[in-house]
Amino acid sequence: MNTAVMFSRQSDEWSTPQELFDALDEEFRFLCDAAASDENHKALFWFTASDDALSFSWSDRFKVILGIEWPPTFWLNCPYSKCRQFVAKAAEEAAKGCTVVMLLPARTCTRWFHDHIWQTEQHRPRPGVEVRFLKGRLKFGTSQNSAPFPSMVVVFRPLEKQAALSSEGGA
């Protein structure tokens, strides 16, 4: 396996495998891809590197663009060199009422995983967070090889949405 390309800083833009995205889009109905390019975006709307999605409120941006009050659901396959910043931003946007679904490397030893995704003391995800570990290794974009790391999907839901889902499941 040629891991030099996957670990290089030559490109941080790896397109999400279409089959994975399609399955998640069927479940979540994404309106916006929060870290994409004009070439690899997966949703109707997208933020590019020049938009700098870390610097503004995503739901406020949609209020301005579309005049909608409800926060949309965001897809996020962020540049992996900025996982820490984008995971923190996803948690922040969920606190504002958005749902953010992220594709991430399954790096459970990182500070960002424990600061925003996992409650170490309780041995479970933080409230409003769901972790889905993916079997095998993904092939990103047009790469001939699978990624040299496992992946996970992390769902950040607003706490009120999380409570509603829990009550529906228990009914």
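Just above sits the structure.
Reference entry: report on the structure contained in this document. (Residues numbered from 1 in each chain as written. Predicted model: local features only at pLDDT ≥ 70, side-chain atom pairs only at ≥ 80, totals over all residues. Heavy atoms only, no water.)

1. Details of the side chain of glutamate 93
Here comes step 1: Relative to the helices and strands, glutamate 93 is located in helix 4 (residues 83-95).
Here comes step 2: Once residues within four sequence positions are removed from consideration, glutamate 93 is found in contact with Phe56, Ser57, Trp58, Ser59, Cys98 and Val100. (Helix = DSSP H or I, 4+ residues; strand = E, 2+ residues; numbered from the N terminus. Contact = heavy atoms within 4.5 Å.)

2. Here's the deal with the packing of aromatic side chains
Here comes step 1: Evaluated as defined, the whole model comprises nine aromatic pairs.
Here comes step 2: For the pair tryptophan 58 and phenylalanine 74, a centre-to-centre distance of 5.1 Å together with 50° between the ring planes defines the contact as tilted. In this pair, tryptophan 58 is assigned in helix 3 (residues 58-66) and phenylalanine 74 in strand 3 (residues 73-76), connecting sequence segments 16 residues apart.
Here comes step 3: Take tryptophan 58: its relative accessible area is 0%, and that puts it in the buried class. (Phe/Tyr/Trp six-rings, centres within 6.5 Å; stacked < 30°, edge-to-face > 60°. Buried < 20%, exposed > 50% of the residue type's maximum accessible area, 1.4 Å probe, protein only.)

3. Thoughts on the pattern of salt bridges
Here comes step 1: Here the structure, examined in full by the defined rule, presents seven salt bridges.
Here comes step 2: Note that glutamate 27 and arginine 132 form a salt bridge whose closest N and O atoms lie 2.7 Å from each other. Taken together, the residues span a long stretch of sequence, with glutamate 27 in helix 2 (residues 18-28) and arginine 132 in strand 7 (residues 129-133) at a distance of 105 residues.
Here comes step 3: When its relative accessible area of 23% is taken as the criterion, arginine 132 is described as partly exposed.
Here comes step 4: Residue glutamate 92 pairs with lysine 89 through a salt bridge whose shortest N-O separation is 3.3 Å. Taken together, the residues span about one helical turn, with glutamate 92 and lysine 89 both in helix 4 at a distance of three residues.
Here comes step 5: Owing to a relative accessible area of 38%, glutamate 92 belongs among the partly exposed residues under this scheme.
Here comes step 6: Residue class for lysine 89 comes out buried when judged on its relative accessible area of 5%.
Here comes step 7: A single network of salt bridges, built from pairs that share partners, joins Glu27, Glu130, Arg132 and Arg157. (Salt bridge = Lys/Arg side-chain N within 4 Å of Asp/Glu carboxyl O.)

4. As for the sheet that holds strand 2 (residues 45-46)
Here comes step 1: Taken together, six strands build an open sheet; the order of strands is 2-1-3-4-8-7 and the sheet is mixed. The sheet terminates laterally at strand 2 and strand 7, the two strands that pair on one side only.
Here comes step 2: Strands strand 3, strand 4 (99-105) and strand 8 (151-156) of the sheet are contacted by helix 4, whose axis makes an angle of about 160° with strand 4. (Pairing = 2+ DSSP bridges. Axes fitted to C-alpha atoms, helices over the stretch in contact; angles between N-to-C directions.)

5. A short note on helix 4
Here comes step 1: Spanning 13 residues, helix 4 covers 18 Å between terminal C-alpha atoms, matching the ideal 18 Å at 1.5 Å per step.
Here comes step 2: All buried positions along helix 4 are accounted for by Cys83, Phe86, Val87, Lys89, Ala90, Glu93 and Ala94. End-on, the buried residues of helix 4 take up no more than an arc of 160°, which puts them together on one face. What points out from helix 4, more than 90 degrees from its buried face, is the exposed set Arg84 and Ala95. (Expected span 1.5 Å × (residues − 1). Arc of directions from axis to C-beta.)

6. Some details on the pairing of strand 4
Here comes step 1: Among the seven residues that make up strand 4, seven are buried, leaving the element largely enclosed by the rest of the structure.
Here comes step 2: A two-sided burial pattern is seen for strand 4, the buried positions comprising Thr99, Val101, Leu103 and Pro105 on one face and Val100, Met102 and Leu104 on the other.
Here comes step 3: The pairing of strand 3 with strand 4 spans four bridges and is parallel. Residue pairing for strand 4: threonine 73 is matched across the bridge by threonine 99.
Here comes step 4: After leaving strand 3, the chain enters helix 4 and then returns to the sheet as strand 4, a path that is right-handed.
Here comes step 5: Inspection of the sheet shows strand 4 paired to strand 8 by six bridges, in the antiparallel sense. When the bridges of strand 8 are listed, methionine 102 appears paired with valine 154. (Right-handed = clockwise from strand over helix to strand, strands pointing away.)

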